[in-house]
Amino acid sequence: PELCEIRWYDAHKNALVSKAHEGETLDSTRLELPVGKGITGWLAKEILDGMEIEDGYVYVKDVLEDERYVKGVEHTRSELAVPLVSKAGELYGVINIEHSDIDAYDQHAIDTAVALANLAVVAIEKSRAFADVEKANIKLNRKNKNLTAVLAMGSALTASVDLDEKQVAELIHQQLSELIYTDNM
């Protein structure tokens, strides 16, 4: 192929952003593709609109015969766009493959691209799940540390009846400093 790229869907920009590509060099105007523009953008829009994509991909044998085509790579004649979509229907992105030959991809090549897209979705979902678990662990560790500090402060305050107000204030300051990660309280 003259171009093989992975485009992530950016909901804030409502665009497909090129994250990895091989082949033809993309100029800066091609790094972001608005949803709905070109074959790849059309595919993304259909998925975002909840439309079912027949066969799960778009293959255009001759892009010059397709009104959706937007010229991006010189000499492109065929294009294969395969969505990266979760089982819940969330669009992660699109794999876009372009070639200078008309009808460049046989069914085996298409099936391979679809299989790789499915594997990529599994990897994306696992990566996101792992990141969620990591965030939850960080929160739990922070809460655990805070509860431990509160218990220690409570024990220290109630264990000594002979502390004066200054010592109580210093003890509270010390524990609060640890709780909120600052020394200049």
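Now for a description of the structure that goes with this document.

Here we look at the sheet that holds strand β1 (residues 3-10)
Stage number 1. Spatial ordering of the open sheet is given by β3-β2-β1-β6-β5-β4, a layout of six strands whose pairing is antiparallel. Where the open sheet ends on each side, the last strands, each with one partner, are β3 (32-34) and β4 (58-60). Strand-to-strand twist in this sheet, taken as the mean axis angle between neighbours without regard to direction, amounts to 20°.
Stage number 2. Across three bridges, β4 lies against strand β5 (residues 78-85) in antiparallel orientation. Within β5, the position partnered with V60 by the bridge is E79.
Stage number 3. Contacting β1, β2 (15-23), β3, β4, β5 and β6 (91-99), helix α1 (residues 38-48) runs over the sheet at an angle of about 30° to β5.

A few points about the packing of aromatic side chains
Stage number 1. Overall, the coordinates contain one aromatic pair when judged by the stated rule.
Stage number 2. When the ring of Y59 is compared with that of Y105, the centres are 6.0 Å apart and the planes differ by 65°; the resulting orientation is edge-to-face. Note that Y59 is positioned in strand β4 and Y105 in the loop between β6 and α2 (107-159), a separation of 46 residues in sequence. Just as Y59 is buried, Y105 falls in that class too.
Stage number 3. Note that R68 overlies the ring of W42, its terminal NZ or CZ placed 4.3 Å from the centroid.

Overview of the layout of surface pockets
Stage number 1. When its volume is computed, the largest pocket comes out at roughly 320 Å³.
Stage number 2. Taken together, 16 residues form the lining of the largest pocket, with I47, E52, G56, P83 and V85 sitting closest to its centre.
Stage number 3. Elements with a contribution of two residues or more to the lining of the largest pocket: β5 and α2.
Stage number 4. Of the residues assigned to the lining of the largest pocket, the class counts are ten nonpolar, four polar and two charged.

Topic: α2
Two residues of an α-helix separated by three or four positions point the same way, owing to the 3.6 residues in each turn.
Stage number 1. Between its terminal C-alpha atoms α2 stretches 77 Å, which fits the 78 Å expected from 53 residues at 1.5 Å a residue.
Stage number 2. Among all positions in α2, only I110, A113, V114, A117, V121, I124, A149 and M153 are buried.

About the criteria used
- Residues numbered from 1 in each chain as written.
- Predicted model: local features only at pLDDT ≥ 70, side-chain atom pairs only at ≥ 80, totals over all residues.
- Heavy atoms only, no water.
- Pairing = 2+ DSSP bridges.
- Helix = DSSP H or I, 4+ residues; strand = E, 2+ residues; numbered from the N terminus.
- Axes fitted to C-alpha atoms, helices over the stretch in contact; angles between N-to-C directions.
- Contact = heavy atoms within 4.5 Å.
- Phe/Tyr/Trp six-rings, centres within 6.5 Å; stacked < 30°, edge-to-face > 60°.
- Buried < 20%, exposed > 50% of the residue type's maximum accessible area, 1.4 Å probe, protein only.
- Lys NZ or Arg CZ within 6 Å of the ring centre and 35° of its normal.
- 1 Å grid on protein atoms, 1.4 Å probe; cavity = no way out; pocket = protein on both sides within 12 Å on 5 of 7 lines; lining within 4 Å.
- Points joined across faces, edges and corners; volume = space filled by probe spheres on them.
- Nonpolar A, V, L, I, M, F, W, Y, C, P; charged D, E, K, R; others polar.
- Expected span 1.5 Å × (residues − 1).

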